[in-house]
Amino acid sequence: MDWLERAASLRQWSRDGVRAPHKPLLLLYALGRFQADAEGELRYSAVEADLKQLLAEYGPARGTTPAYPFHHLANDEVWEVRTDRGPGSPGTAVTELRASGATGRLAPDLRAALRREPSLVGRMARVLLDLHFPPSLHPDLCDAVGLEPELAETDAVTAPERRQRDRRMRELVLTAYEYQCAFCGYDGMIGTAPVALEAAHVRWWAYDGPDDVDNGLCLCSLHHKLFDKGVLGIGDSHRVLVSQHFVGRSPAARDHVTALAGRPLIGPQPGIRPVAATHRTWHTSQVFKGSPRPNAA
């Protein structure tokens, strides 16, 4: 059985680019826990809070319960659920999962494969990370699920027939925005090389976002991370959105984040297409958290 292919083809509800990373997040969490304790089981009532936090931080803005992936992941033959009554899940009712003592863990064949080949943990994690999350979030997500970063960074062919990234995009986007952050204007260089400036996908590459300039922004490292975490977004008038959920009391947080609310984007150069409406709309509905703050004074 090709476990990398199995990880790459988890059955998920999908329509018009809607994000539904619930199963990938649970599988990443289970791989992290297996790495720490290969024999352990995950009792739903004990891990529910962890899974809720993962879904809140790395899932879409709409709320959902971890009961759904806990129950449905078994259909992909990488996960099994048992209760006090024996094998099988009682369903997606949270109260029943708690009351029945439901526990989940990786499927027996997968556990055996991971014991034979410990590096498979990292290769499976890389598949899940690459297919469902932007690179800026990979280290934080590994930390959140307890995966050793070096194991999740194994270079490997992760899935058949995957799209290839256009390596020219970074330079094209940075050039279009004249090597300055579209949110704050940061333009640091060391010699002739830009420092901490990155090409961000607006619609994530993992969700069919093209490697086109009108799907890119030149952002500093801080604002790239905040953009991918849903703290920042882009409004219809190409002005910066700042989530009302963001809380920062320090002068640095106010200056670098909340003061951006309503500020027009910097760039791109005249004659270069700005971020396309379809990509802005996708980011606002699938990544941006909550409602935007009023424009800063």
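Reading the values: the criteria
Residues numbered from 1 in each chain as written. Predicted model: local features only at pLDDT ≥ 70, side-chain atom pairs only at ≥ 80, totals over all residues. Heavy atoms only, no water. 1 Å grid on protein atoms, 1.4 Å probe; cavity = no way out; pocket = protein on both sides within 12 Å on 5 of 7 lines; lining within 4 Å. Points joined across faces, edges and corners; volume = space filled by probe spheres on them. Helix = DSSP H or I, 4+ residues; strand = E, 2+ residues; numbered from the N terminus. Nonpolar A, V, L, I, M, F, W, Y, C, P; charged D, E, K, R; others polar. Pairing = 2+ DSSP bridges. Buried < 20%, exposed > 50% of the residue type's maximum accessible area, 1.4 Å probe, protein only. Contact = heavy atoms within 4.5 Å. Phe/Tyr/Trp six-rings, centres within 6.5 Å; stacked < 30°, edge-to-face > 60°. Polar contact = N/O pair within 3.5 Å; in protein donor to acceptor, adjacent residues only side chain to side chain. Patch = residues over 30% accessible without salt bridge, like charges linked within 9 Å, V, L, I, M, F, W, Y side chains within 5 Å. Areas by Shrake-Rupley, 256 points an atom, 1.4 Å probe, with all protein chains shown as cover. Salt bridge = Lys/Arg side-chain N within 4 Å of Asp/Glu carboxyl O. Expected span 1.5 Å × (residues − 1). Arc of directions from axis to C-beta. Axes fitted to C-alpha atoms, helices over the stretch in contact; angles between N-to-C directions. Parallel < 35°, antiparallel > 145°, perpendicular 65-115°, else oblique. Left-handed = near helix turned anticlockwise from the far one by under 90°.

Asker: A description of empty space enclosed by the protein should follow, citing residues and the corresponding values.
Answerer: Scanning the model with the defined rule gives three cavities of 30 Å³ or more in all. Taken as a whole, the largest cavity encloses approximately 80 Å³ of empty space. Surrounding the largest cavity, Ala30, Arg33, Phe34, Asp37, Ala38, Gly40, Leu42, Trp79, Gly104, Arg105, Leu106 and Arg111 form its lining. When residues of the lining of the largest cavity are traced back to their parent elements, those giving at least two are helix H2 (22-36) and strand S4 (103-106). Classifying every residue of the lining of the largest cavity gives six nonpolar, two polar and four charged.

Asker: An account of the sheet that holds S4 is requested, with residue identities and associated values reported.
Answerer: Taken together, four strands build an open sheet; the order of strands is S1-S4-S2-S3 and the sheet is antiparallel. A strand with exactly one partner marks an edge of an open sheet, and here the two such strands are strand S1 (42-43) and strand S3 (86-87). As paired elements, strand S2 (residues 79-83) and S3 share two bridges and run antiparallel to each other. Residue pairing across strands places Thr83 opposite Gly86, the latter belonging to S3.

Asker: How would you explain the side chain of His224 if you had to name every residue and give the values?
Answerer: Tracing the backbone shows His224 in helix H10 (residues 221-228). Of the residues examined, His224 reaches a relative accessible area of 9% and is grouped as buried. Those residues in contact with His224 that lie beyond four places of it in its chain are Ser136, Glu198, Ala199, Ala200 and Leu219.

Asker: Which residues make up the packing of aromatic side chains, and what values do they have?
Answerer: In the structure shown here, the tally under the stated rule is six aromatic pairs. A connected cluster of aromatic rings, assembled from ring pairs, spans Tyr44, Phe70 and Trp79.

Asker: Please provide a residue-by-residue account of the side chain of His138, values included.
Answerer: Structurally, the position occupied by His138 is in helix H8 (residues 138-145). Assessed through its relative accessible area of 8%, His138 is described here as buried. Residue contacts for His138: discarding those within four places in its chain leaves Arg126, Leu129, Asp130 and Phe133.

Asker: Got a sec to walk through the environment of Leu172? Specific residues and values, please.
Answerer: Turning to its location among the elements, Leu172 is positioned in helix H9 (residues 169-176). Here the alpha-carbon distance between Leu172 and Leu226, two residues 54 residues apart in the chain, equals 22 Å.

Asker: Help me get a handle on the environment of Arg111, residues and values and all.
Answerer: Among the secondary structure elements, Arg111 is positioned in helix H6 (residues 108-116). The sequence separation of Arg111 and Trp79 amounts to 32 residues, and the corresponding C-alpha distance is 9.7 Å. Here Glu80 takes part through its side chain, which lies 3.3 Å from a polar atom of the side chain of Arg111.

Asker: Describe in detail a nonpolar patch on the surface, supporting the description with residues and values.
Answerer: There is a patch of nonpolar side chains on the surface, built from Tyr186, Ile190 and Val195 and spanning about 260 Å² of accessible area. Tracing the backbone shows Ile190 in strand S5 (residues 189-190). By relative accessible area, Ile190 is classed as exposed at 61%.

Asker: Break down the environment of Ala125 for me, with residues and values.
Answerer: Within the fold, Ala125 resides in helix H7 (residues 120-132). The spatial distance from the C-alpha of Ala125 to the C-alpha of Phe227 is 23 Å, given a sequence separation of 102 residues.

Asker: A description of the pairing of S2 should follow, citing residues and the corresponding values.
Answerer: Of the two faces of S2, only the one carrying Trp79, Val81 and Thr83 is buried; Glu80 and Arg82 on the other face are not. Bridge count for S2 against S4 is four bridges, and the pairing is antiparallel. Bridge pairing in S4 places Val81 opposite Gly104.

Asker: Describe H2, and please don't skip the residues or the numbers.
Answerer: Taking 1.5 Å per residue as the helical rise, H2 with its 15 residues ought to reach 21 Å, and the 22 Å between its terminal C-alpha atoms agrees with that figure. Counting buried positions over the 15 residues of H2 gives twelve, a clear majority of the element. For H2, every residue scored as buried is listed here: His22, Lys23, Pro24, Leu25, Leu26, Leu27, Leu28, Tyr29, Ala30, Leu31, Gly32 and Phe34.

Asker: Residues and numbers for H8, please.
Answerer: Within H8, the full set of buried residues consists of His138, Leu141, Cys142 and Val145. One side of H8 carries all its buried residues, which in axial view fall inside an arc of 105°. Elements in contact with the buried residues of H8: H2, helix H3 (44-58) and H7. Phi for Gly146, located one or two positions after H8, is positive at around 80°.

Asker: Got a sec to walk through the packing of H7 against H8? Specific residues and values, please.
Answerer: Interhelical geometry of H7 versus H8 gives an angle of 130° and a closest axis separation of 11 Å. Viewed along their axes, H7 and H8 adopt a mutual orientation that is oblique. With respect to the hand of their crossing, H7 and H8 are arranged in right-handed fashion. Across the interface between the two elements, Arg126, Leu129 and Asp130 from H7 touch His138, Leu141 and Cys142 from H8. Residue composition of the contact of H7 with H8, by class: three nonpolar, one polar and two charged.

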